[in-house]
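Here is how the chains run, residue by residue.
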Amino acid sequence: MYSNVKKEIGKYYKQFYKKIKENKKIFLTFDLDNDGFCSAKALYEFLRKIKIKPKIFISKKDSRKERIEDAIKNFLNSKYKLFISLDVGISQISEDLIKKMENSNKEFLFIDHHLYDYKRIKRVWIINPRFINKNIYISTSAVLYLILKRIYINKKILFFLYIGDYSDKSNFEELERKVNEFFPNLKEKVDEYSKRLT
């Protein structure tokens, strides 16, 4: 089940890297849970390694829908060229705002893992394993891992991707095996720490 998803997600890495290199003015936003935060931290570390400093945007709005729409509106009125959203789907966005996105001269990338109906939208690129197999569940952090491992990854990036995946209860085994090369028995240590907090 996972092998086909890993293969298909892995195919995106060249296009992902090309878009980032072409649009160095990057506007980054993310969901406020651990998967969203940790995947954003990992992507930030990757971008800094390739000499790109993204604009980090965290909305103060209450709901997920309000936050992503607030982020897009701020992006549309900014100097930035590429919008990247982690762990928030396009389904949260109103049709009126989607039309403004399509009519802009900017690009949008959503890396997500939530299940919703897919529709093609001009200027919007979505990487989501549920569009390949709706019954599979892997975190946004694991999706980002499948892309970055083909470009560049270090132990700091792996650490944040693993914590994001662990927090989302995705239990992506390949990521766990890889992170153990640098942080032996990390899962057991995180399990023990989690128990202390509950």
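Presented here is a report on the structure given in the accompanying data block. Residue positions are given per chain, counted from 1 along the sequence in the order it is written. The predicted origin of the model limits local features to residues at a pLDDT of at least 70 and limits the giving and counting of side-chain atom pairs to 80 or more, whereas totals for whole chains, interfaces and linings rest on all residues. To get the side-chain values, all heavy atoms of the structure are used, and hydrogens and water are removed first.

To continue, consider the overall build of the protein. The secondary structure content of the protein amounts to nine helices and five strands. Relative to the globule expectation of 16 Å for 198 residues, the C-alpha radius of gyration of the protein, 16 Å, shows essentially globular dimensions. Here the C-alpha coordinates of the protein stretch approximately 50 × 35 × 30 Å along the principal axes. Counting over 198 residues, the protein shows a buried share of 48%. Numbering of helices and strands runs from the N terminus; a helix is a DSSP stretch of H or I covering at least four residues, while a strand is a stretch of E covering at least two. When we talk radius of gyration, it's over C-alpha atoms, and the globule rule is simply 2.2 Å times the number of residues to the 0.38. Burial status follows relative accessibility: with a 1.4 Å probe on protein chains alone, a residue under 20% of its type maximum counts as buried, one over 50% as exposed, and anything between as partly exposed.

To continue, consider the sheet that holds strand 3 (residues 82–86). On the basis of which strands lie adjacent, the open sheet formed by five strands has the order 2-1-3-4-5 and parallel pairing. In this open sheet, the two strands that pair with only one neighbour each are strand 2 (55–56) and strand 5 (124–127). In this analysis, strands are considered paired if DSSP registers two or more bridges between them. Bridge analysis of strand 4 (residues 107–111) against strand 5 gives four bridges, and the strand direction is parallel. Bridged to Phe110 within strand 5 is Ile126. A contact between two residues is defined here by any heavy atoms of the two lying within 4.5 Å. A fitted line through C-alpha atoms serves as each axis, taken over the contacting stretch for helices, and the angle formed by two N-to-C directions is quoted from 0 to 180°. In the packing of helix 6 (residues 140–148) onto the sheet, contacts are made with strand 3, strand 4 and strand 5, and the angle to strand 4 comes to roughly 115°.

Moving on to the packing of aromatic side chains. Aromatic pairs are defined between Phe, Tyr and Trp rings, using the six-membered ring for Trp, whenever the two ring centres lie within 6.5 Å; interplanar angles under 30 degrees are classed as stacked, those over 60 as edge-to-face, and all others as tilted. Summed over the entire model, instances satisfying the criterion amount to 16 aromatic pairs. Taken together, a centroid distance of 5.8 Å and an interplanar angle of 20° make the contact between Phe27 and Phe83 stacked. Of this pair, Phe27 sits in strand 1 (residues 26–30) while Phe83 sits in strand 3; the two residues are 56 residues apart in sequence, bridging distant segments of the chain. What makes Phe27 buried here is its relative accessible area of 2%.

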